[in-house]
Amino acid sequence: METAPGSIMKEETAVLKYGNPGPISDLLVRRAYVAGYDRKLRHPAWTAEHLTLASLGKSALEPRKTEEAGDRSNSQFTEDQSIPAMFRAKLQDYFRSGYDRGHMVPAADAKISQDAMDETFLLTNIAPQVGVGFNRHYWAYLEDWCRRLTSSFADVYIFTIPLYLPKLDTDGKWRVTHEVIGSPPNISVPTHFAKVVLTSKPSSPSRPDILEISTGAFVLPNAVIPDEAKLENFVVPVDAVERAAGLTLFSDAVKANSKHICKSTKCEVIVRRFDDALKRPENRKAISGPK
């Protein structure tokens, strides 16, 4: 005899009478992005953005007043008070950790206003990243490449996803191991980071209603990456990122009917050592970060 749905609901309610453990999904809707926060790892499970020339302040048709744009020199890293204190990433956790506070959504993607840029400095948008050779260099080059896609495509959608990938040990077994920082240790350090992009543009001037879709995924180790490394070396199937993260990013139909991004545009980063140039006193005022 089948159990009536109402009976099942009553039983579940009785079992959870004194508390529902979750998991609680913290969906964070910001001015320039949306994020899902992982309370256990204490960093984003994923972030999502939609970039256009207009959103970056580069559209001739929608010019932005200079005084309205965000300025990262006016922003500072901040703990996210919307997260319960028990599960919140703290500024102290990163102190002398040896890792940068790495933006998942870059500040340069949120210049629409100072408020939007400030939200990229919330620790719910931050994960521990290797500094020199990664966050300050190759990862920044990839972020810049994503922004430059707006010059060729009408719309650019970006998912950024911290990953924990297995590594083959000397005994022949695969294991996932990662560092944890903080006092007490509570913020996990991802082994890898993924950037997954989807671009769209009209397939032809005569049919602007029919869009040409391109997708691509890149997985980079949270480690020093030489400037000369080719971006295409980090290409993986979108499915591989979805499996590793436990997320569904695009529908099967989208994946089946899209071109690979590297066939639609050049998958090549531009090396820009802004941080090194800024160390030279004569250039401190003349050189700014990526636009």
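Residues numbered from 1 in each chain as written. Predicted model: local features only at pLDDT ≥ 70, side-chain atom pairs only at ≥ 80, totals over all residues. Heavy atoms only, no water.

**Topic: the overall build of the protein chain**
Scanning the protein chain for helices and strands turns up nine helices and 14 strands. Expressed as a percentage of its 291 residues, the buried residues of the protein chain come to 42%. Contacts in the protein chain between residues at least 24 apart in sequence constitute 70% of all its contacts with a sequence separation of at least 6. For the protein chain, the computed accessible surface area is about 16,300 Å², with 55% contributed by carbon and sulfur atoms. (Helix = DSSP H or I, 4+ residues; strand = E, 2+ residues; numbered from the N terminus. Buried < 20%, exposed > 50% of the residue type's maximum accessible area, 1.4 Å probe, protein only. Contact = heavy atoms within 4.5 Å. Areas by Shrake-Rupley, 256 points an atom, 1.4 Å probe, with all protein chains shown as cover.)

**Some remarks on the pairing of strand E2 (residues 34-38)**
The sheet contact formed by strand E1 (residues 26-29) and E2 spans four bridges and is antiparallel. Considered in E2, the bridge of Leu27 is made with Gly36. The hairpin formed by E1 and E2 contains four residues between the paired strands. Note that E2 and strand E3 (residues 43-51) share five bridges and pair antiparallel. By the bridge assignment, Val34 is partnered in E3 with Ala48. What sits between the antiparallel neighbours E2 and E3 is a turn of four residues, in which Arg42 has the positive phi angle 60 degrees. (Pairing = 2+ DSSP bridges.)

**Remarks on the side chain of Asn125**
The topology assignment puts Asn125 in the loop between helix H3 (114-119) and strand E5 (126-129). A residue is classified by how much of its surface remains accessible, and Asn125, at 0% relative accessible area, is buried. Within polar-contact distance, the side chain of Asn125 engages the backbone oxygen of Thr120 at 2.8 Å. The residues contacting Asn125, other than those within four sequence positions of it, are Tyr33, Pro44, Thr47, Gly102, His103, Met104, Val105, Glu119 and Thr120. (Polar contact = N/O pair within 3.5 Å; in protein donor to acceptor, adjacent residues only side chain to side chain.)

**Overview of the pairing of strand E12 (residues 207-221)**
Sheet topology note: the strand E11 (residues 192-204)/E12 ladder contains 12 bridges and is antiparallel. The partner of Lys201 across the bridge, within E12, is Glu212. Taking the residues between adjacent antiparallel strands as the criterion, E11 and E12 are bridged by two residues. Relative to strand E14 (residues 259-260), E12 runs parallel, the two sharing two bridges. Counted as the bridge partner of Ser214 is Lys259 from E14. Two elements, E12 and strand E13 (residues 235-236), share two bridges in a ladder whose sense is antiparallel. When the bridges of E13 are listed, Phe218 appears paired with Val235.

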